[in-house]
Amino acid sequence: MKVAIRNQKDVAAGLIYVLAGAAFSLGALNYRLGDAARMGPGWFPFWVGVLLAAVGMATIASGMRANAAVEAMKRPQLGAMAWILGAVVLFGLLLKPAGLVLSLVVLVLVSSRASHEFTWRGALVNAVVLVAFSVGAFIKGISLQLPLWPAFLG
């Protein structure tokens, strides 16, 4: 039986999942695992890593099925990756001095430049929804201690 990669995208994504899952599981071994009755700090990340690796294996297998859609890998879009990475770095740098609201708006607006499909209006709507969800879930819901606004406004 000949093994052939029919869907390169699925196989590549599966490999990423397997590698990330293995890294999480191996990293969790530095902590006490415990057992199902008395879970240690490494229990959850270990099993999440195992599940992620299992999903990766299933994804790889689906990309190698005889009836899988044939899809080749495209060249990575380095410009889009730079916009997204830059947006995440800006978010990290701005979070303390600018607050959560402005940092999230910058994150969404800058990262939306990575795709030609986003309009400014769509990016602003996404920013408003993300800010509302984040403030509700993290500030109000679990009382995360983050500044909402820049210090000079508070």
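See the structure shown above.
Residues numbered from 1 in each chain as written. Predicted model: local features only at pLDDT ≥ 70, side-chain atom pairs only at ≥ 80, totals over all residues. Heavy atoms only, no water.

Asker: Sorry, what's going on with the overall build of the protein chain here?
Answerer: A tally of helices and strands in the protein chain yields four helices and zero strands. Of the regular secondary structure in the protein chain, the N- to C-terminal order runs α-α-α-α. At 21 Å, the protein chain has a C-alpha radius of gyration far larger than the 15 Å of a compact globule built from 154 residues. With respect to the three principal axes, the spread of C-alpha positions in the protein chain is 70 × 50 × 20 Å. The burial tally for the protein chain puts 25% of its 154 residues in the buried class. When the accessible surface of the protein chain is summed, it comes to about 10,900 Å², and 71% of that surface belongs to carbon and sulfur atoms. (Helix = DSSP H or I, 4+ residues; strand = E, 2+ residues; numbered from the N terminus. Rg over C-alpha atoms; globule rule 2.2 N^0.38 Å. Buried < 20%, exposed > 50% of the residue type's maximum accessible area, 1.4 Å probe, protein only. Areas by Shrake-Rupley, 256 points an atom, 1.4 Å probe, with all protein chains shown as cover.)

Asker: It is not clear to me how a nonpolar patch on the surface should be interpreted in this structure. Could you clarify?
Answerer: A surface patch of nonpolar side chains, about 470 Å² in accessible area, is lined by Leu102, Trp149, Phe152 and Leu153. For Leu153, a relative accessible area of 55% translates into the label exposed. (Patch = residues over 30% accessible without salt bridge, like charges linked within 9 Å, V, L, I, M, F, W, Y side chains within 5 Å. Salt bridge = Lys/Arg side-chain N within 4 Å of Asp/Glu carboxyl O.)

Asker: Looking at this structure, how should I read helix α1 (residues 8-28)?
Answerer: Because the α-helix completes a turn every 3.6 residues, residues three or four places apart line up on one side. Counted at 1.5 Å a residue, the expected span for α1 with its 21 residues is 30 Å, and the 30 Å between its end C-alpha atoms agrees. All of the buried residues in α1 are Val11, Gly14, Val18, Gly21, Ser25 and Ala28. Each buried residue of α1 sits inside an arc of 120° when the element is viewed along its axis, so together they form one side. Along α1, exposed side chains directed more than 90 degrees from the buried face belong to Ile16, Leu19, Phe24 and Leu26. Check the buried side of α1 and you find it contacts α2 (43-63). One side-chain oxygen of the residue at the start of α1 lies 3.2 Å from the amide nitrogen of Lys9, identifying that residue as Asn7. (Expected span 1.5 Å × (residues − 1). Arc of directions from axis to C-beta. Contact = heavy atoms within 4.5 Å. Polar contact = N/O pair within 3.5 Å; in protein donor to acceptor, adjacent residues only side chain to side chain.)

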